[in-house]
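Chain by chain, the residues:
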Amino acid sequence: MVNKKTIFRETRAYPVVFMLLITIVFVGILAVLYQLTLHRVQTYRETQLKSMVLRTFDLPENDVEANFTKFISLREEADLTYYEATKDSVLLGFCFPISGSGLWSTIQALLAVTPDFKNIIDIEIVSQNETPGLGGRITESWFKAQFKGKLLVENHLIQQFTLIPENDQIKGFEINQITGATASSKAVVDMIYKNVLKYSKEMRAEL
Amino acid sequence: MTKKQIFMTSAFTENSIWRQILGICSALAVTNLMLNSLVMGLGVIFTLALAGFTISLLRNYIPKRIRMMVQTLIIASYVIIVDLVLKAYFPQISTALGPYVGLIITNCIIMGRAEAFAGKNPPLAAMIDGIGAGVGYTFVLLVISFVRELFGFGTLFGIPILGDWWTKWSIMVMAPSAFFMLAMLIWIVNTKSAKRG
């Protein structure tokens, strides 16, 4: 028996069998763990998204599920998906899931605009993988706050924001960019412009 | 070697970063914030300890010719476990670290310890060696990120230290400063150890 085992360990088949077995064992463990955590991860993501949608409209986030059902309805039309917020039967605005390519990967965000598409209500960054400390700062509140209530339209046309240095005073259609992260700042501004253009056209907004 | 000697050797005397110049890619990447460095360090310690233990357990069965494949598989599995646990139970930290957790797989220190130590020593010793190497790595990361975060942001672990009068050094946040800091650290350590003989 011992003899036979030593012989098998010297054959060409041994490394293949060994690798196969060890792969099955480890991948099996990972698959089980993934399945076990999947539900938790998904629930967390959904709640995060819902609470961000509420945040863009400045609606209370204390009871995410209840408030989301109360104020927000999901609209799915042809190739458009967006959220609509209503409070006391007044339409507050629309919230669009938008995305664009950042420096390293896709930046996903939620953009809420007024029903007439003339102003941004707020923006929230859902996911990004920009350089921490540089492009990653697009999630910082000072950067996002610049877009709050920002006018989008002039002469019945959607305007593209221009970027100016971080500490300068912004006016009109200007936005302070992040020092050392021009690409990430530009990505955010560009994706806002492209998506507002797209949604306003598709939803036939009168500008 | 006693267990304490194993630990001290792999953590300081033969420190992976300043003696072996391993694992410097991540040391350059995550050291602009102390919190990121700490979590990265903990992830590496965990992976080093368990990967070392497992590889050492299997050391007499792993065919020599495919040992690197096996090591990578084991290392990757532990890193994915870290990633899954962070995602499910510490989602905020997971978001903050982004892709860096996955990159622990490519950290040369782990492969280095597997090759140099775990493949030839008993499991417990391999585990201690792994923890030692991880602690040494984390120590260096924290030293570098201390300087970079302090000068770059005026904060430590996100807590404001220097106040508004401080002009932030943008270069400290960017990659070049990590090269300078790391080089200076290696220089200082090598000069000291040369003097000691």
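Predicted, not measured: the structure shown is a model, and the values here were computed from it.

A. Structural detail: the interface of chain B and chain A. Taken together, the 29 residues of chain B in the interface contact 21 residues of chain A. Buried surface at the junction of chain B and chain A, both sides included, amounts to about 2400 Å², of which 76% is carbon and sulfur. Sorting the residues of chain B by area buried against chain A places Y61, L73 and L84 of chain B first, and these three jointly supply 20% of that buried surface. At the boundary of chain B with chain A, the tally comes to 0 salt bridges. Connecting chain B to chain A are 2 residue pairs in polar contact (both at pLDDT 80 or more). Taken together, the elements giving at least two residues each to the side of chain B that touches chain A come down to helix 3 (34-57), helix 4 (67-89), helix 5 (91-97) and helix 8 (170-173) of chain B. Here the side of chain B that touches chain A takes 11 residues from helix 4 of chain B, the largest share from any one element. For the side of chain B that touches chain A, the residue count by class is 20 nonpolar, 8 polar and 1 charged.

B. Expanded view of the sheet that holds strand 2 (residues 80-87) of chain A. All names here are of chain A. Taken together, the 5 strands give an open sheet; going across it, the order is 1-2-3-4-5, and neighbouring strands pair in antiparallel fashion. Looking at strand neighbours, the two that pair on one side only are strand 1 (72-77) and strand 5 (120-127), the edges of this open sheet. Looking at each pair of strands side by side, their axes are set apart by 25 degrees on average, direction ignored. Here 6 bridges tie strand 4 (residues 106-113) to strand 5, and the two strands are oriented antiparallel to one another. Across the sheet, V113 pairs through a bridge with I120, a residue of strand 5. In the packing of helix 2 (residues 13-56) onto the sheet, contacts are made with strand 1, strand 2, strand 3 (90-101), strand 4 and strand 5, and the angle to strand 5 comes to roughly 160 degrees.

C. Expanded view of the nonpolar core. Ranked by size, the top nonpolar core spans 53 residues in total, and within it I22 of chain A together with V70 and I74 of chain B carry the most contacts. Elements represented by at least two residues in this core include exactly helix 2 of chain A together with helix 2 (24-29), helix 3, helix 4, helix 6 (108-118), helix 7 (123-153) and helix 9 (175-196) of chain B. With residues up to four places along the chain from it excluded, the contact list for V70 of chain B reads F18, M19 and I22 of chain A together with I62 of chain B. Counting residues in each nonpolar core, the second largest holds 35 residues, with I98, A109, I123 and I125 of chain A among its members.

D. Fine view of the packing of aromatic side chains. Residues and elements named next belong to chain A. Applying the stated criterion across every chain, the model contains 20 aromatic pairs over all chains. Relative to F96, the ring of F94 has its centre 6.3 Å away and its plane inclined at 20 degrees; by these criteria the two rings are stacked. On the basis of relative accessibility, which here comes to 8%, the residue F94 falls in the buried class. Classification of F96 by relative accessible area gives buried; the value is 0%. Through a chain of ring-to-ring contacts, three or more aromatic side chains come together here, namely Y82, F94, F96, F117 and Y199.

E. Seen up close, the pairing of strand 3 of chain A. Residues and elements named next belong to chain A. Relative to strand 3, strand 2 runs antiparallel, the two sharing 5 bridges. Bridge pairing links T86 to L91 in strand 3. Linkage of strand 2 to strand 3, two consecutive antiparallel strands, is achieved through a turn of 2 residues, within which D88 is found at a positive phi near 50 degrees. By the bridge criterion, 8 bridges tie strand 3 to strand 4 in an arrangement that is antiparallel. Within strand 4, the position partnered with F94 by the bridge is V113. Between the antiparallel neighbours strand 3 and strand 4 lie 4 residues.

Rules used in this analysis
- Residues numbered from 1 in each chain as written.
- Chains lettered and ligands numbered in written order.
- Predicted model: local features only at pLDDT ≥ 70, side-chain atom pairs only at ≥ 80, totals over all residues.
- Heavy atoms only, no water.
- Contact = heavy atoms within 4.5 Å.
- Buried area = accessible area lost by both parts, 1.4 Å probe.
- Salt bridge = Lys/Arg side-chain N within 4 Å of Asp/Glu carboxyl O.
- Polar contact = N/O pair within 3.5 Å; in protein donor to acceptor, adjacent residues only side chain to side chain.
- Helix = DSSP H or I, 4+ residues; strand = E, 2+ residues; numbered from the N terminus.
- Nonpolar A, V, L, I, M, F, W, Y, C, P; charged D, E, K, R; others polar.
- Pairing = 2+ DSSP bridges.
- Axes fitted to C-alpha atoms, helices over the stretch in contact; angles between N-to-C directions.
- Core = buried A, V, L, I, M, F, W, Y, C linked by side-chain atoms within 4.5 Å.
- Buried < 20%, exposed > 50% of the residue type's maximum accessible area, 1.4 Å probe, protein only.
- Phe/Tyr/Trp six-rings, centres within 6.5 Å; stacked < 30°, edge-to-face > 60°.

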